[in-house]
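# Inside the fold
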Amino acid sequence: MIEDTLNTFLLQEAFSKYTRPELDGQKHMKWFTNAHKKRLRLFVIILIFWQFASFYNAINIHLIRLAEDAPTGIYNFWISMLSHLMASFIACLIGGVFIVYYARDRFRRFSSIKGMILFSLIVSGIILLGQTVGSLVYSSIHFRQWPFHPEVLDGAGRNIFSPATVQIYLFWFLVVNITYLGISVADRYGQTFFQQLVLGKYMRPRREKRVFMFLDLKNSTGLAERMGDQKISMMISECFNHLTTPILMHNAQVVSYVGDEVILSWDWTENLDEQPILGLYHDFIKTLKDKEIYFQKKYQTQPLFKAGVAGGEVTVAEMGEIKSELTFLGEALNTASRVQGLCNELGEALLFGGDFGEFLSKKRRPLSEVISSRLKGSNTERKIYACRQSERMVVG
């Protein structure tokens, strides 16, 4: 326990410069440009999808009325179309925000069926509200009166409980649940991969330049022997749940979860430096440190993670038909894995190696060479880098 506490303290001290006031603004800006940008983009996609669905439903209702030669009454196609679009827009402002900024995060803790049932009940209320607003708008425009005029209220009441409105209710109930299901599937697979899967980007292997981080639980074997497989699995799951926000903040992609290890990836562009990598690692470690009392009480330990980072050219391809996955093949992954394996030996929590380590060192980034070694499975001697010598961390 003393050793774990010391390790955590050293980890915080080593990355303390990344929480200095002058960098704090950059961190919040990064949160906006990455996490909030993704949420805003998802909200816009939902808005477009719901508006399209509303347009389709209004056209469908109009065609049905024409086919049945239904009496016109107070019905007007253009007023109907406008009320449909306005109702779906208002419903999206409420329901879309609820899905993107609340339900998506909160409902992850539930099973798929329980989450769907709970979400459906909440959605029912949102749809009823949308239908009520739409009916008031429709009647108000038709009678050319304020929404709470008795004549408008009477027309809106008859419209809300009409068979056509029930059909609209069932239609939107289906649309909103499809939206939630689509978001859930995208989150399960990863939004980036889900988008690439739909577009078929990697049906043929492609060469890309990427950076990989192998993030691994320290002393997992000893913890498993002491805690048991079930309890340590619960702890690892909780730790990786806390990794979600740093992943969004620092624009990382999840490649895969392998036991007590997660593999993350970034596109290696000319603008990529050590900031998102160190930032993600620091935020993750800080989150675990902030919950130290919780982890000590529930699991009698403080989880610590070590990481190896490397980058280079890899081949990316979509594999499998029953459960499709993106696979990455290349020396960069082997290097990142081997570098992570050196953390205990070199007394470091985070190491850089391969082409990406050399790339950062040439740009005079805050790294220092720790060792020059032939990694297992390679005949080429590569330099291994860590933070400056004064900031080395014990993970022993």
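About the thresholds
Residues numbered from 1 in each chain as written. Predicted model: local features only at pLDDT ≥ 70, side-chain atom pairs only at ≥ 80, totals over all residues. Heavy atoms only, no water. Helix = DSSP H or I, 4+ residues; strand = E, 2+ residues; numbered from the N terminus. Buried < 20%, exposed > 50% of the residue type's maximum accessible area, 1.4 Å probe, protein only. Contact = heavy atoms within 4.5 Å. Areas by Shrake-Rupley, 256 points an atom, 1.4 Å probe, with all protein chains shown as cover. Axes fitted to C-alpha atoms, helices over the stretch in contact; angles between N-to-C directions. Parallel < 35°, antiparallel > 145°, perpendicular 65-115°, else oblique. Left-handed = near helix turned anticlockwise from the far one by under 90°. Nonpolar A, V, L, I, M, F, W, Y, C, P; charged D, E, K, R; others polar. Salt bridge = Lys/Arg side-chain N within 4 Å of Asp/Glu carboxyl O. Arc of directions from axis to C-beta. Phe/Tyr/Trp six-rings, centres within 6.5 Å; stacked < 30°, edge-to-face > 60°. Lys NZ or Arg CZ within 6 Å of the ring centre and 35° of its normal. Pairing = 2+ DSSP bridges.

## Focus on the overall build of the protein chain
Helix and strand content of the protein chain: 15 helices and 8 strands. Burial statistics for the protein chain: of 396 residues in total, 46% are counted as buried. Restricting the contact set of the protein chain to residue pairs at least 6 apart, pairs at least 24 apart contribute 71%. Accessible surface for the protein chain amounts to roughly 21200 Å². Of this, 60% is attributable to carbon and sulfur atoms.

## Regarding the packing of helix 9 (residues 229-241) against helix 12 (residues 292-299)
Two elements in contact, helix 9 and helix 12, have axes separated by 11 Å at closest approach and are oriented at 165°. Comparing their axes, helix 12 and helix 9 come out roughly antiparallel. The interaxial crossing formed by helix 9 with helix 12 has right-handed handedness. Here helix 9 contributes Lys231, Met234, Met235, Glu238 and Cys239 to the contact with helix 12, which in turn contributes Tyr294, Phe295, Lys298 and Tyr299. When the residues that make up the contact of helix 9 with helix 12 are grouped by side-chain class, the tally is 6 nonpolar, no polar and 3 charged.

## Regarding the pattern of salt bridges
Close approach of charged atoms allows side chains with opposite charge to pair. Tallying each qualifying case throughout the model produces 7 salt bridges. For Asp290, the salt bridge is made with Lys286, and the minimal N-O distance between the two is 3.2 Å. Taken together, the residues span about one helical turn, with Asp290 and Lys286 both in helix 11 (residues 275-290) at a distance of 4 residues. Taking the relative accessible area as the measure of exposure, Asp290 reaches 55% and is therefore exposed. Among the charged side chains, a salt-bridge network with shared partners connects Glu208, Arg210 and Asp267.

## Considering the packing of helix 8 (residues 220-227) against helix 9
Across the interface, helix 8 lies against helix 9 with an axial gap of 7 Å and an inter-helix angle of 125°. In this view, helix 8 runs oblique relative to helix 9, as classed from their interaxial angle. Between helix 8, through Ser220, Leu223, Ala224 and Met227, and helix 9, the contact on the second element is made entirely by Asp229, Lys231, Ile232 and Met235.

## Points about helix 5 (residues 150-160)
Think of an α-helix as 3.6 residues a turn; residues three or four steps apart then line up on the same face. Buried within helix 5 we find Val152, Gly155 and Ala156. Angularly, the buried residues of helix 5 cover 100° about the axis, an arc narrow enough to put them on a single face. Exposed positions of helix 5 whose direction lies more than 90 degrees from the buried face are Pro150 and Arg158.

## Side note on unusual backbone geometry
A positive phi angle, near 55°, is found at Asn251, a position not held by glycine. Looking at where Asn251 falls in the secondary structure, it is placed in the loop between helix 10 (244-249) and strand 2 (253-258).

## A short note on the packing of aromatic side chains
Per the counting criterion, the structure on display carries 9 aromatic pairs. Judged by centre distance (6.4 Å) and plane angle (40°), the rings of Phe352 and Phe356 are tilted. Per residue, the accessibility class of Phe352 equals that of Phe356, and both read buried. Three or more aromatic residues joined by ring pairs form one cluster here, namely Phe240, Tyr257, Phe284 and Phe305. Taking the ring centre of Trp268 as reference, the NZ or CZ of Lys209 above it sits at 4.4 Å.

## A word on the pairing of strand 2
As paired elements, strand 2 and strand 3 (residues 261-267) share 5 bridges and run antiparallel to each other. From the neighbouring strand, Ser256 faces strand 3, where its bridge partner is Ile263. Hairpin connection, strand 2 to strand 3: the antiparallel pair is bridged by 2 residues, and Gly259 has positive phi, about 60°.

Spatial relationships are all this shows, so hold off on functional conclusions.
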